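Read off the chains here:
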Amino acid sequence: MSTHKKIGLVVEGGGMKCAYNAAILDAFLDEGITFDYCIGVSAGSGNLVSYLAGQRGRNLRFFTEHIHDPEYFGLKSLLKTGDLFGIQHIYGDLTRANGKDPLDFQAFMKNPTEYEAVVTNALTGRPEYFGKVAMKQDDYRLIMASSAIPVVCHPVELNGVPYFDGGLTDAIPVRRALEKGCDRLVVILSKNRNYVKKPQGMRPLYRLSCRKYPKIVNAIEHRHIAYNDNFKEVFALEQAGIAFVLAPSHPFHVSTYSMKEDDERKLYALGMRDFADQKENLRKFLFA
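The text that follows walks through the structure, step by step, so that each part is easy to find. Starting afresh in each chain, residues are numbered from 1 along the sequence in its written order. With the structure being a predicted model, the display of local features is reserved for residues of pLDDT at least 70 and the display and counting of side-chain atom pairs for 80 or more, all residues being used for whole-chain, interface and lining totals. The side-chain values count all of the structure's non-hydrogen atoms but skip hydrogen atoms and water molecules.

**Considering the packing of aromatic side chains**
Any two of the Phe, Tyr and Trp rings considered here, Trp counted by its six-membered ring, make a pair once their centres fall within 6.5 Å; the pair's planes then place it as stacked at under 30 degrees, edge-to-face at over 60, or tilted in between. Tallying each qualifying case throughout the model produces 13 aromatic pairs. Taken together, a centroid distance of 6.2 Å and an interplanar angle of 65° make the contact between Phe-28 and Tyr-51 edge-to-face. Of this pair, Phe-28 sits in helix H1 (residues 19-31) while Tyr-51 sits in helix H2 (residues 43-52), and the two are 23 residues apart along the sequence. Remark: exposure states derive from per-residue accessible area (1.4 Å probe, protein chains only) relative to the maximum for the residue type, with buried under 20%, exposed over 50%, and partly exposed in between. Residue classification places Phe-28 among the buried residues on the basis of a relative accessible area of 0%. Residue classification places Tyr-51 among the buried positions, given a relative accessible area of 6%. Plain terms: the ring middles of Tyr-195 and Tyr-227 are 5.9 Å apart, the flat faces sit at 85° to each other, and that makes the pair edge-to-face. Taken together, the positions of Tyr-195 in the loop between strand S7 (184-188) and helix H9 (203-209) and Tyr-227 in helix H11 (residues 223-239) put the pair 32 residues apart, joining distant regions of the chain. Judged by relative accessible area, Tyr-195 falls into the partly exposed class, the value being 25%. Put simply, the rings of Phe-28, Phe-35, Tyr-51 and Phe-275 touch in pairs and so form one group of aromatic residues. As a reminder, the over-ring test applies to NZ of lysine and CZ of arginine, requiring each to be within 6 Å of the ring centre and within 35 degrees of the ring normal. Note that Lys-132 overlies the ring of Phe-108, its terminal NZ or CZ placed 5.1 Å from the centroid. Cation over ring: Arg-184 sits above Phe-285, and NZ or CZ is 5.2 Å from the ring centre. In this description a helix means any DSSP run of H or I spanning at least four residues, a strand means any run of E spanning at least two, and both kinds are numbered starting from the N terminus.

Structure representation (structure tokens):
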């Protein structure tokens, strides 16, 4: 009988805060650390794909170099696509085989690690999970859907169904990872350990923008409750010895929409330092 434990990796989203997990994923590549199962949310789902393709440094370029593209975020993206955050540019123009920074899709598909991304069904307001079978060369709508923040992005259709950002309904999908048979989890968070999510502001804006999707409006209004419960669940798993949590060691004031290269580089450097500080403890956890 096999004694192999199934180890899972859970990567939270957070837009431009994800320069932090980009660093830790690069450190995993440096150290040859692999997992049996990986699940990512929003920008975390995109970062995981580069990690699984073995493309060290690729994620960092998306937080430091490509942010200077006019189509990445802002008015030009809005006028061209209707989306303030240029997910079509990021996961389309830049990422496809003939793009400026292509994903090694073949390496990603050959990696034996099971991969899933979280999306939120715009019609039901429930999280759903899709794996590699939902992706093809140069068709990265799954990552676009997982990253489609309401108000700043339109929903993205998969199989004719509209989806929004997975972080709305399952921001840190530890429960899903356990359901998939993982015995232990490594969890990379975007926020420091004492973070508490507050109720969403700008109610009139998201109610108007998402009026076609009342279940999404409801998910946004209750998101702080669901998130704070989810956050506590992660640390309960850590206390039980089931999860190893990597979180920013001090508060770092980078917003979801920060486009400051210097701040992104500092956040990446923090991720590298935090990994170095935790490396031996992590190895003990993984190989105990």
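The rest of the description comes next.
**Concerning the side chain of Glu-12**
Mapped onto the elements, Glu-12 comes out in the loop between strand S1 (7-11) and H1. We define a polar contact as two N or O atoms separated by no more than 3.5 Å, with the added condition that, inside protein, one atom must be a possible hydrogen donor and the other a possible acceptor, whereas residues neighbouring each other in sequence contribute only through side-chain atom pairs. One polar contact links Glu-12 to Lys-191, side chain to side chain, over a distance of 2.9 Å. At 2.6 Å, the side chain of Glu-12 and the side chain of Tyr-227 are in polar contact. Only heavy atoms matter for contacts: two residues are in contact if any of them lie within 4.5 Å across the pair. Contact partners of Glu-12, with chain neighbours within four places excluded, come to Cys-18, Asn-21, Val-41, Gly-44, Ala-171, Ile-172, Ile-188, Leu-189, Ser-190, Lys-191 and Tyr-227.

**Re the pattern of salt bridges**
Should a side-chain nitrogen of Lys or Arg be within 4 Å of a carboxyl oxygen of Asp or Glu, the pair is scored as a salt bridge. Across all of its chains, the model carries 17 salt bridges by this definition. A salt bridge links Lys-100 to Asp-69; its shortest N-O distance comes to 3.2 Å. Of the two residues, Lys-100 sits in the loop between helix H5 (87-93) and helix H6 (105-110) while Asp-69 sits in the loop between helix H3 (58-64) and helix H4 (75-81), which places them 31 residues apart along the sequence. According to the relative accessible area criterion, Lys-100 is exposed, its value standing at 57%. Judged by relative accessible area, Asp-69 falls into the buried class, the value being 11%. Measuring nitrogen to oxygen at the nearest pair gives 2.9 Å for the salt bridge that ties Arg-141 to Asp-139. Judged by its relative accessible area of 18%, Asp-139 falls in the buried class. A single salt-bridge network, built from bridges that share partners, covers Lys-6, Glu-114 and Lys-180.

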